[in-house]
Amino acid sequence: MDWFRAWLIPFATVDDAVAHLGGGPAARVWAEGLEETDAGRVPRFDVDVLEAALRPVHERPRWEEWGQVTAPTLLITGENGYVPAGELDEMRRRRPDVRHVQVPGAGHDVHLDAPERVAELVRG
């Protein structure tokens, strides 16, 4: 989580944050999630809490678990989201039964960008 601790907070603009975070889709995802305050753009999260939540997710690949899921699965992604190269293809290769829907105009946090569409898809 040193990456988060090295952020130059607050950022003046989203573009400043994107540049500081290295550019590209992942940097844009993080930058667009910043909260706008009178002082500038700041994270909406506590770094220590985020680290505790993300550590188990990233400690090892979860392909074995993914392949063991037998429930009907709906994979919802955003048109402008960020999924590491090949990961979505691998998810579908390992689980060809998965229904995948890409939400136009949505980013990484599809549920925040298009909550009505996500709800519609889940209810459907």
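Structure report, in brief. Predicted, not measured: the structure shown is a model, and the values here were computed from it.

1. Quick look at the overall build of the protein
In step 1: Scanning the protein for helices and strands turns up 8 helices and 4 strands.
In step 2: Scanning the protein from its N terminus toward the C terminus, one meets helices and strands in the order α-α-α-β-β-α-α-β-α-β-α-α.
In step 3: C-alpha extents for the protein along the principal axes are approximately 45 × 30 × 25 Å.
In step 4: Within the span of the protein, comprising 124 residues, buried residues form 28% of the whole.
In step 5: Put simply, the protein shows about 8,400 Å² of open surface, and 52% of that area lies on carbon and sulfur atoms.

2. Remarks on unusual backbone geometry
In step 1: A cis amide bond links I9 with the next residue in sequence, P10, at an omega value of 0°.
In step 2: In this structure, P10 sits in the loop between α1 (2-5) and α2 (14-20).

3. What to know about the nonpolar core
One broad trend across soluble globular proteins is that nonpolar side chains are buried collectively.
In step 1: Among the nonpolar cores identified, the biggest contains 12 residues, and these are F4, W7, F11, V14, A17, V18, L21, A27, A31, L34, V47 and L50.
In step 2: Elements supplying a minimum of two residues to this core: α2, α3 (24-32) and α4 (47-58).
In step 3: Per-element accounting of this core gives the leading share, 3 residues, to α2.
In step 4: Excluding residues that lie within four positions of it along the chain, W7 makes contacts with H20, L21, W30, L34, P43 and F45.

4. Here we look at the packing of aromatic side chains
In step 1: A complete count under the given rule lists 7 aromatic pairs for this structure.
In step 2: Relative to F45, the ring of F4 has its centre 5.5 Å away and its plane inclined at 75°; by these criteria the two rings are edge-to-face. Taken together, the residues span a long stretch of sequence, with F4 in helix α1 and F45 in the loop between β2 (40-42) and α4 at a distance of 41 residues.
In step 3: On the accessibility criterion, F45 (27% relative accessible area) is partly exposed.
In step 4: With a centroid separation of 6.2 Å and 75° between ring planes, the pair formed by W7 and W30 is classed as edge-to-face. Placement of the pair is W7 in the loop between α1 and α2 and W30 in helix α3, with a sequence separation of 23 residues.

5. A few points about the environment of M91
In step 1: Here M91 lies in helix α6 (residues 87-94).
In step 2: Residue class for M91 comes out buried when judged on its relative accessible area of 15%.
In step 3: With 25 residues separating them in the primary sequence, M91 and W66 have C-alpha atoms 7.8 Å apart.
In step 4: M91 has contacts with W63, W66 and L75, leaving out every residue within four places of it along the chain.

Rules of the game
Residues numbered from 1 in each chain as written. Predicted model: local features only at pLDDT ≥ 70, side-chain atom pairs only at ≥ 80, totals over all residues. Heavy atoms only, no water. Helix = DSSP H or I, 4+ residues; strand = E, 2+ residues; numbered from the N terminus. Buried < 20%, exposed > 50% of the residue type's maximum accessible area, 1.4 Å probe, protein only. Areas by Shrake-Rupley, 256 points an atom, 1.4 Å probe, with all protein chains shown as cover. Core = buried A, V, L, I, M, F, W, Y, C linked by side-chain atoms within 4.5 Å. Contact = heavy atoms within 4.5 Å. Phe/Tyr/Trp six-rings, centres within 6.5 Å; stacked < 30°, edge-to-face > 60°.

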